[in-house]
Amino acid sequence: MGVAIQFDAATNVATLSGQAMVFHCHHYNSTLQRTIEEGMGAEAFHLLTIAAQEAARKQLKQLVSSGTSPKEAFSQAAALFAELGFGSLDFSGLGPRGGVVISPSSHYGMSWLVKFGERKDPACEFPAGYVAAAVMVAFHLEPERVRVREASCVACGAPACRFEVEVL
Amino acid sequence: MVLSYPVATSRDCFGGEVLIEVTLPRGIERADLERVRGAASLEVLDGFPRPFFRIDVPGRFLLTGLLLTTSVRVTVRQVHRDRAFEVAQEAARELMGEA
Amino acid sequence: MAIDSAKVVSAVSGLRLVGNEDGLYLTRHYADYYNRISFAFLHHMERADPGGFAKARKALIETGHLCGFNTFGGIMLSQEWEAVVAPMIETREDWVRGMVAVVNALGWGRWETKSLRPAEELNVTCANSYESEGYLRDYPQRPDGGVCFLATGGVSAIMNLLYHGDITTRPQRTEDYYQKIFAAGDNRFEGREIACRASGAPRCEWVARPVQRWS
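A short tour of the structure in this document, coming up.

**Overview of the overall build of chain A**
Next, step 1: Check the secondary structure of chain A and you find 5 helices and 7 strands.
Next, step 2: Moving toward the C terminus, one meets the helices and strands of chain A in the order β-β-β-α-α-α-β-β-α-α-β-β.
Next, step 3: Expected size for 168 residues packed as a compact globule is a radius of gyration near 15 Å; at 16 Å, chain A falls within 12% of this value.
Next, step 4: Principal-axis analysis of the C-alpha atoms gives chain A an extent of 45 × 40 × 25 Å.
Next, step 5: Counting the 168 residues in chain A, one finds 51% classified as buried.
Next, step 6: For chain A, restricting intrachain contacts to residue pairs at least 6 apart in sequence, the fraction spanning at least 24 positions comes to 57%.

What follows is the structure, given as C-alpha cells:
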C-alpha cells in the first residue's frame with residue numbers, strides 16, 4: 001500500500017487521509033488502556049473498541065477506493081495496520097457473513113504482556129475495533145451490522161490473537 | 001573459537017523487547033555495513049552531524065549505530081528472543097567481517 | 001542558541017520511525033482514538049462523583065508522566081539522539097530544548113519553550129496541541145480545567161529526567177528509578193496546565209515546577 005503520511009512543518013501535525021497521526025509507544029498505549037479499564041470497569045471494553053472503529057473507519061473509507069474488491073480492501077487494511085506499528089492481521093478466514101481474523105503479532109497484546117504480564121480478559125480492544133472497521137469498509141456495511149469479539153489473546157497466554165467477526 | 005564481544009541490554013520504544021548493545025573492537029566503517037547478510041534495507045543518514053545507519057534484516061534483527069563509533073545496537077526480533085545474545089553476536093561478527 | 005529546532009524536526013521526520021513486524025513497540029496512532037478514549041473516561045469520571053475530574057486528571061497526567069519517563073528517556077538515550085541532537089548540545093538546558101524539538105516531530109502539535117529556568121521551571125506553550133484540538137472539535141468549551149493531560153505529564157517528565165534525576169548519566173530506567181525520581185521527594189517536578197484552549201485560552205500552557213513550589 002505505501003503509507004503516505006503528510007507532515008506539515010508549520011503546525012508539526014502529521015495526517016494520513018484526514019486523520020491526525022501521533023507517535024506513541026507501548027508504554028503509553030498500555031498504561032492508558034489500563035488507566036481507563038481500571039476507571040471504567042466493564043464499560044471500558046466498548047469504549048476502547050468503538051473509538052478504534054470510529055478512527056480507523058474514517059481513514060479506511062478514504063484510503064480504500066470505491067469498487068475495490070473485499071480481498072484487496074483487506075489487504076490494504078492489513079498493510080496499513082502493520083505499517084502503523086499495530087502488528088499483523090490475517091483476514092483470509094473472513095467472508096461476507098463473518099468469520100475469523102488472526103493476529104499472529106499484536107502490539108496491544110504483546111505490549112500488555114511485556115509491561116504487566118498475563119491477564120484474564122483479552123487486551124486487544126483497539127485491534128478489535130480496527131478489524132470491525134475493515135469489515136465495514138470492505139463489505140460496505142453500516143457499523144450496527146458488525147460485531148467483533150476477541151476470542152483469544154496473547155496477553156492471556158494464547159499463541160496468537162483471534163477475533164470472531166459476526167455480520168448481522 | 002567463536003568471538004564474543006562485550007554486551008549490555010536494555011529496552012526501548014524503537015524496536016523490540018531485547019535491545020543489545022555490542023561493543024566492537026574497532027570503529028564501524030561504511031564498508032562494514034555491506035557485509036551484513038540478508039539486509040532488506042540499508043540506510044546511511046550521513047547528512048546528520050554524526051552519520052547514522054540502520055540495517056533491517058527481516059526475521060533476524062535491526063542494526064543501528066553511528067559510523068566510526070565502536071558500538072552497535074542490535075534489536076533482536078521476537079522469534080529469536082530466546083537466543084538473543086547469540087543473534088547479537090552473529091550480527092556483530094558479520095559487521096566486523098569475522099563471521 | 002545551540003539547538004536548531006527546525007533541523008531536529010526535519011532530521012527526526014526523515015528517520016522513518018516505524019514499528020517492526022513484531023508489532024513492537026512504536027505506533028503511529030490516531031489522535032482521535034486517544035482523544036476519544038481519554039475524554040470519554042474524563043466525562044465518565046466527572047459524572048460518577050464530584051471529585052471525578054480531579055481523579056481523572058491525576059490519572060491521565062500520570063499516564064503522560066510515565067510516557068515521558070519511558071519515551072523521552074528512551075529518546076534521550078538513543079542513537080538517533082546521538083546522531084541528530086547531541087552534536088548541538090552545549091548545556092544541560094539544551095537537553096530540554098532538544099527534547100522539545102524532538103516532540104515537534106511526533107505530530108503532537110507545535111510545542112514552544114516559552115521559558116526555562118534551570119532546575120526551577122519549564123514553561124511550554126502550544127497553539128494546536130492534539131488534545132485540545134480534539135476536545136474543541138467534539139465537545140463544548142469547558143468552563144474550567146485543561147484537557148492536555150499527556151502534554152502536562154510530558155513537560156514534568158522532561159524536568160524530572162534532567163533536574164531531579166540525571167538522564168545524562170545514562171541510568172537504567174527501572175521501576176525503582178521511576179519511583180525515586182518521578183514519584184518521590186519534594187524536589188520532584190509536577191506539571192500543571194495553567195491555560196488551555198478547551199477553556200477558551202488562545203494557547204495551551206504547561207508549567208513544570210518542583211512540587212513544593214506549587215502552593
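Anyway, onward from the coordinates.
**Observations concerning the interface of chain A and chain C**
Next, step 1: Chain A puts 41 residues into the contact, and the matching count from chain C is 40 residues.
Next, step 2: Listed by contribution, the elements that provide at least two residues to the side of chain A that touches chain C are β2 (13-16), β3 (19-25), α1 (26-40), α2 (43-63), α3 (70-83) and α4 (107-116) of chain A.
Next, step 3: The greatest single-element share of the side of chain A that touches chain C, amounting to 10 residues, is contributed by α1(A).
Next, step 4: Tallied by class, residues from the side of chain A that touches chain C come to 22 nonpolar, 17 polar and 2 charged.
Next, step 5: Note: β3(A) against strand β1 (residues 26-30) of chain C, 5 bridges, orientation antiparallel. Bridge pairing in β1(C) links Val22(A) to His29(C).

**Section: the pairing of strand β5 (residues 204-210) of chain C**
Residues and elements named next belong to chain C.
Next, step 1: For β5, the buried fraction is high: 6 of the 7 residues fall into the buried class.
Next, step 2: Bridging between strand β4 (residues 189-195) and β5 involves 6 bridges; their strand directions are antiparallel. Residue Gly191 lies in a different strand from β5, and its bridge partner there is Ala208.

**Considerations on the sheet that holds β4(C)**
Residue and element names in this part refer to chain C.
Next, step 1: The strand order β2-β3-β5-β4 describes an open sheet built from 4 strands, whose pairing is antiparallel. The open sheet has two edge strands, β2 (111-117) and β4, and neither has a second partner. Strand-to-strand twist in this sheet, taken as the mean axis angle between neighbours without regard to direction, amounts to 20°.
Next, step 2: One ladder, built from 5 bridges, connects strand β3 (residues 121-126) with β5; its direction is antiparallel.

**As for the packing of α2(A) against helix α2 (residues 31-48) of chain C**
Next, step 1: At a minimum axis distance of 9 Å, the contact between α2(A) and α2(C) shows a crossing angle of 150°. Relative to α2(C), the element α2(A) lies roughly antiparallel. As α2(A) packs across α2(C), the resulting crossing turns out to be right-handed. Between α2(A) and α2(C), the contacting residues are Leu47(A), Leu48(A), Ala51(A), Ala52(A), Glu54(A) and Ala55(A) on the first element and Asp32(C), Tyr33(C), Arg36(C), Ile37(C) and Ala40(C) on the second.

Procedures and definitions
Residues numbered from 1 in each chain as written. Chains lettered and ligands numbered in written order. Predicted model: local features only at pLDDT ≥ 70, side-chain atom pairs only at ≥ 80, totals over all residues. Helix = DSSP H or I, 4+ residues; strand = E, 2+ residues; numbered from the N terminus. Rg over C-alpha atoms; globule rule 2.2 N^0.38 Å. Buried ≥ 20, exposed ≤ 12 C-beta atoms within 10 Å, placed from the backbone. Contact = placed C-beta atoms within 7 Å. Nonpolar A, V, L, I, M, F, W, Y, C, P; charged D, E, K, R; others polar. Pairing = 2+ DSSP bridges. Axes fitted to C-alpha atoms, helices over the stretch in contact; angles between N-to-C directions. Parallel < 35°, antiparallel > 145°, perpendicular 65-115°, else oblique. Left-handed = near helix turned anticlockwise from the far one by under 90°.

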